[in-house]
Structure formats: C-alpha cells, structure tokens
Amino acid sequence: MNPLLDLLFVIWGRITYLVGLPAQQFGEWAWQHTAYYLLSPEISLLIGVLIICLIQIFAKRNTFLLSAWIGIIALLANFMMTIHMMYYTSRYYTYALGMWWGGLETLDPYALFFKQLMDWGDILLILALIGYPKIKKYRVEFLILLLCGTIAFDLMVGSSDLLAVYVMTEFGGLCAYIMAAYYKKDLRSLESGLKYFITGAASSTALLFAMSILYGTLNTTNFYEIQDLLSQGGADLPPVVFSIVLILVALGYKVGLAPFHLWVADVYEGAPTPVTAFISVFPKVAGYAVLLRLLFIPFSAPSIKAVWIPILIVMSVLSMTIGNVMALRQTSFKRMMAFSGIGHMGYILIGIVAAALTTTAATESMGFISSMYYMLIYFFLNLGIFFTAMAVETYGGSDHLDSYNGLIRRNAFMGVLITILLAALIGLPPTTGFWAKFFVFYSITTYIALPWNLVLVVFAAITTVIGAYYYMMLAYRIWVLKPVYEQARSFEPVLFVRLAILVPVLLIFLLGFLFVSVPFDYVKNAWFLVSYTEGLSI
C-alpha cells in the first residue's frame, strides 16, 4: 500500500509542477520584461479590440454575440493580470509595482483597484447589452468604443504626469462623445452628444491651460517632481494657485460636480440607456481617481491645501443641494438619476475634505478610504439601476417615471431588486449604501468643531433626507400604483440581463450584513498612493 501512495504522491507532484510551469515561466518573463508586463492589462483589452475588428471586417453575418464574448474574455484577462500583479510582483516591489514611460504612468494598488472595478462594470454592461434589442445596429461598434474607453480610463487612473492625464482624459472623452450620439437619426441623442462634446472641450481647454501655466512656472509635469518643488516653497506662487483652481474646475466638469453640472441631465436623457450607464460611472470614477492622486501627491503641501479645501467644500455643498433638490421635480427617470448622481458626487467630496484636514495618518486614511468605498458602492449601484431601466424599456416602457408604475406586478423579481438598489441609494441598512454614507459622515465628524465642516455635515444630513423622498416616491410607484394600461403586461428579461442586475444587488445587499469587512478591507489595502522611489522608473 505504501508504494502505491508514494506513486500517487509522485504523480500528483508531477501534475502540480506541469500546471504551475506556465505561471512560473510567465513570472520569469514578467521580471525580465517589466515594462510590457506592467502594461499587460491594457494590452489584453487592445488584443480583444483588434480581434473584434478583424471578425467584423471578414464576417458576413451578425457577429455581436461572438464579439461580446471576446470582449468579456479580454476583460477577464485584464482582471487576471491585475490579480497577478497584486500577488506576484509584491515580493519584488512591495506594493510600489513600478513606473514606466519615463514616469508618465504609475502602477500601484490604487490604480489596480480602479482597473478591477471597471473590468467588472464592463462585463456586467456587456451582459445587459445582450438582452437590449433597442440597439439593433452597430452593437459591435458599441463594444469597440466600450473597450477603447476602458483602455483610456485604465491608463487614466494610473497617470502620474499631467501630460498622461490630459491625453487619457481626451481619449476616454472621445469614446464617450461618440457613444452619447449613438442614435444618429435621433435628434435627442445628437443633441446629447453635441452638448457633451462642447462641455468636454471647454473643460479640456481649462485643463490644458492650467497644465501649461503649471509647467511654465515649475518646468515639469511629473506629479512627484511637482510635489518636491511645491513643498520647497513654490506653492505660494500666484500662477500655481491659479492653475490649481483651473484644474479643479476642469475635473469638476468631468465628474459632474456643481456648479459645473449643467451638461449632466441633458446628456443622460438624450443618450441611449446603455451609454448613460457607461457615462454615469466610468468617466466619474476615473476622474475622481485622478483628482485624488493630484490632490494628495503634487498638491499636498499645506499652503496648497488651504487653496483647494474651501473650493471642494463649496462644490460639495452645491452638488448635494442642487442635485437632490432638482431631482425632486423630474418626471424623466434618467434626468432624476442624473441629478441624483450629482448629489452623490458631493457626498464623495466629504471624505476627500476629511482626508485633507487630517493631522494624523489614521484619520487621513479614514477619509481617503471612505471616499473610495463610496465610489465602489456607487459604481455598482448606478449600474444596477440603469440595467433595470434597460429591461423596462425593452418590454414596452420608456424613460418616463410612469413606466415604473406597478413594476412589482409585472415582474416581482425586478421590482424587489430595484427596491433594494433604491434603499442602498438612500443609505438604509442593511445595505452597503448605509456603510458608504456612515463612513463618509464618520470621517468628517472628527472636524465638526470647524465652522465650514459643520455646514458640510448639516447640508449632507438635510440633502440625504431630500434624496430619500424621491427614491421612496419611485418605490411607491413600483409597489402601490397600477401599471399604465399600455404597459400592463408581465415580462421576463433574458437570463443575461437578470444576471447583470442580480450581481450588483447581491453585492450591495449581502455585503451590507454578511462579510461586511470584505469591501472595506479591499479598499483599505488600496487606499494609499505610492510615493516616487528611485529605481522604479522603467
């Protein structure tokens, strides 16, 4: 019997060796070709785009389903590469995985966090798109724009140079402008794309002007070099202050913060609903990732913080107030969600302000973690909400709120799911939406003695109650009102659509009372920004 066991152990050892050999060889290749390895997540998406383009050129029939699964595979490859980077290269670089392109890009846990977030968002969006027949033509082109935009935003979240920020912002913006005007024979969609393009061009002009002023003053565009120069006294220069204000204005446009929010509702309403789902989270999350990296690396000097903290407080108060008050009077579902999103962007700013006002590392990390946690939860919340809207539109509904009347009678599954999402948007326990708001409010209460922050807390509490009202009114429509006569029939979304909605709901609901520490620890391990270390640049 012993010889047999020995033989089994030998066979098992051989199998594990053969299975692990490709991973070991890949690790050796990664160590010898670090620059390519660090770019491999984006390369996987680019390969997916090229394969889809080739299939579209040579195929003689509809290739959407095949292209969709190729896109999902490319996104999963992207995700697996980020996982490999998190666990494999940490032994060499600790957590500072490296810089390449002469310091234009930095790869750290912070960037990997946002890349993984966008991977899963894209996968869910593609699954929901499979069951959305309203985009009958050019759905493959939609996938190509979706993946190209994700490449841009992936590189954007790791940008450590002003030039990289601008180029990747424009690259992602161009994809979003085209997607917003996707219904080329629909005047509302064309208007949406035009307004998005004009406001995007204005914000890009302000961003580029600010960067040129900063470069002319400091003679560098690298985040870490700017940090060194400003910490040595350069922060008191008037051109530096002016450029920082312009950068905040430009990024405020990109993420839809008040008072730079006027494009948001019109673009949301006119764009196709899958595009609205994309625009509502991807550019905003990438823009916030860049904003946090800018504020806490190059603009972290105390004299510079004194400039941008009051600006962020004013933008936060305006966003929470205008967003939630304007959402009350909307009859369009997408316009209501647009103003709701403006309000949520204001809540995220609370955590950033708390991190900036800190005097200890522990309180700084709490503010930073709370804002990132809120982004994580809001990302999946918004996607789930818009996937539900796509399902309603597919089966006779429209963008009007009346389409949600009696939804629980038409499809109980959908009615329960959207109710859970609405509860999370309000911030009710036991959803993760409650923890998102709790962490943000907790992070700022340390400084409640300061008058500005007392105002911030008061406005946050009041606007949360206002937001609860219009979310509950939508829930009232779903559960109490009778369906509109033309839309009274029951419906059953396809499996992929149900899966795309169910995944965010399970994350939002179950992680609110089971495994509560999982999303918090996930964010906690990625909150810090790597500082420049000599020898990591490739």
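The rules behind the values
- By convention here, each chain's residues receive numbers from 1 onward along its written sequence.
- Only residues with pLDDT of 70 or above have their local features reported here, since the model is predicted, and side-chain atom pairs are shown and tallied only from 80 upward, although totals for entire chains, interfaces and linings are computed over all residues.
- Values reported for side chains reflect all heavy atoms of the structure, with hydrogen atoms and water molecules removed beforehand.
- Put simply, a nonpolar core is a bunch of buried Ala, Val, Leu, Ile, Met, Phe, Trp, Tyr and Cys residues held in one set by side-chain atoms that sit within 4.5 Å of each other.
- With a 1.4 Å probe rolled over the protein chains alone, any residue whose accessible area is under 20% of its type maximum counts as buried; one over 50% counts as exposed, and the rest are partly exposed.
- Comment: elements are numbered from the N terminus, with helices defined as DSSP H or I runs of at least four residues and strands as E runs of at least two.
- The term polar contact refers here to a pair of N or O atoms within 3.5 Å; inside protein, the definition further demands a hydrogen-donor-capable atom paired with an acceptor-capable atom, and it admits residues adjacent in sequence only when both atoms are side-chain atoms.
- The distinction between a cavity and a pocket rests on a 1 Å grid over the protein atoms alone: a 1.4 Å probe fits inside a cavity but cannot get out, while a pocket stays open yet meets protein on both sides within 12 Å along at least five of seven lines, and a residue with an atom within 4 Å of a point counts as lining.
- Grid points are joined across faces, edges and corners, and a volume is the space filled by probe spheres set on the points.
- For helices, the fitted line uses only the C-alpha atoms of the stretch in contact; every axis is such a line through C-alpha atoms, and the angle between N-to-C directions lies from 0 to 180 degrees.
- An angle below 35 degrees is treated as roughly parallel, one above 145 as roughly antiparallel, one from 65 to 115 as roughly perpendicular, and anything else as oblique.
- Should the near helix be turned counterclockwise from the far one by less than a right angle, the crossing is left-handed, whereas a clockwise turn marks it as right-handed.
- Only heavy atoms enter the contact rule, under which two residues are in contact if any of them lie within 4.5 Å.
- The arc in question is the one spanned by the directions pointing from the helix axis to the C-beta atoms.
- Per residue, pLDDT measures the predictor's confidence, with a range of 0 to 100.

Visitor: If you had to explain the nonpolar core to someone new, which residues and values would you point to?
Guide: Core analysis: the largest hydrophobic core is formed by 183 residues, its most contacted members being Phe 114, Tyr 288, Phe 299, Trp 308, Phe 333 and Met 372. The greatest single-element share of this core, amounting to 21 residues, is contributed by helix 16 (residues 361-394).

Visitor: Account for the environment of Thr 106, with residues named and values stated.
Guide: In this fold, Thr 106 is placed in strand 2 (residues 105-107). When the C-alpha positions of Thr 106 and Ser 159 are compared, they lie 6.1 Å apart, and in sequence the two are 53 residues distant. At 3.2 Å, the side chain of Thr 106 and the side chain of Tyr 224 are in polar contact.

Visitor: With reference to specific residues and values, describe the layout of surface pockets.
Guide: For the largest pocket, the calculated volume is near 420 Å³. If you go around the largest pocket, you meet 22 residues; those closest to its centre are Trp 120, Leu 376, Phe 380, Leu 507 and Tyr 522. Listed by contribution, the elements that provide at least two residues to the lining of the largest pocket are helix 4 (64-87), helix 6 (109-130), helix 16, helix 21 (495-510) and helix 22 (517-524). With 6 residues, helix 6 is the single largest residue contributor to the lining of the largest pocket.

Visitor: Tell me about the packing of helix 13 (residues 273-296) against helix 15 (residues 333-356), and name the residues and values.
Guide: Contact geometry of helix 13 with helix 15 gives a least axis separation of 12 Å together with a crossing angle of 15°. Viewed along their axes, helix 13 and helix 15 adopt a mutual orientation that is roughly parallel. The two elements helix 13 and helix 15 meet at a crossing, and its hand is right-handed. Mapping the contact onto sequence places Thr 273, Thr 276, Lys 284, Tyr 288, Leu 292, Leu 295 and Phe 296 in helix 13 and Lys 334, Gly 341, Met 345, Ile 348, Leu 349, Ile 352, Ala 355 and Ala 356 in helix 15.

Visitor: So what's going on with helix 22? Residues and values would help.
Guide: Burial in helix 22 covers these residues: Pro 519, Phe 520 and Val 523. Down the axis of helix 22, the buried side of the element spans an arc of 100°, and every buried residue falls inside it.

Visitor: Please give an account of the confidence of the model for the protein chain that cites residues and values.
Guide: Averaged over every residue, the pLDDT of the protein chain is 83; residues scoring 70 or more account for 87%. Note on residues 91-95: pLDDT under 50 across the span, and 8 contacts to partners over four residues away in sequence or across chains. Contacts for the low-pLDDT stretch residues 530-538, under 50 throughout, to residues beyond four places or in other chains number 23 contacts.

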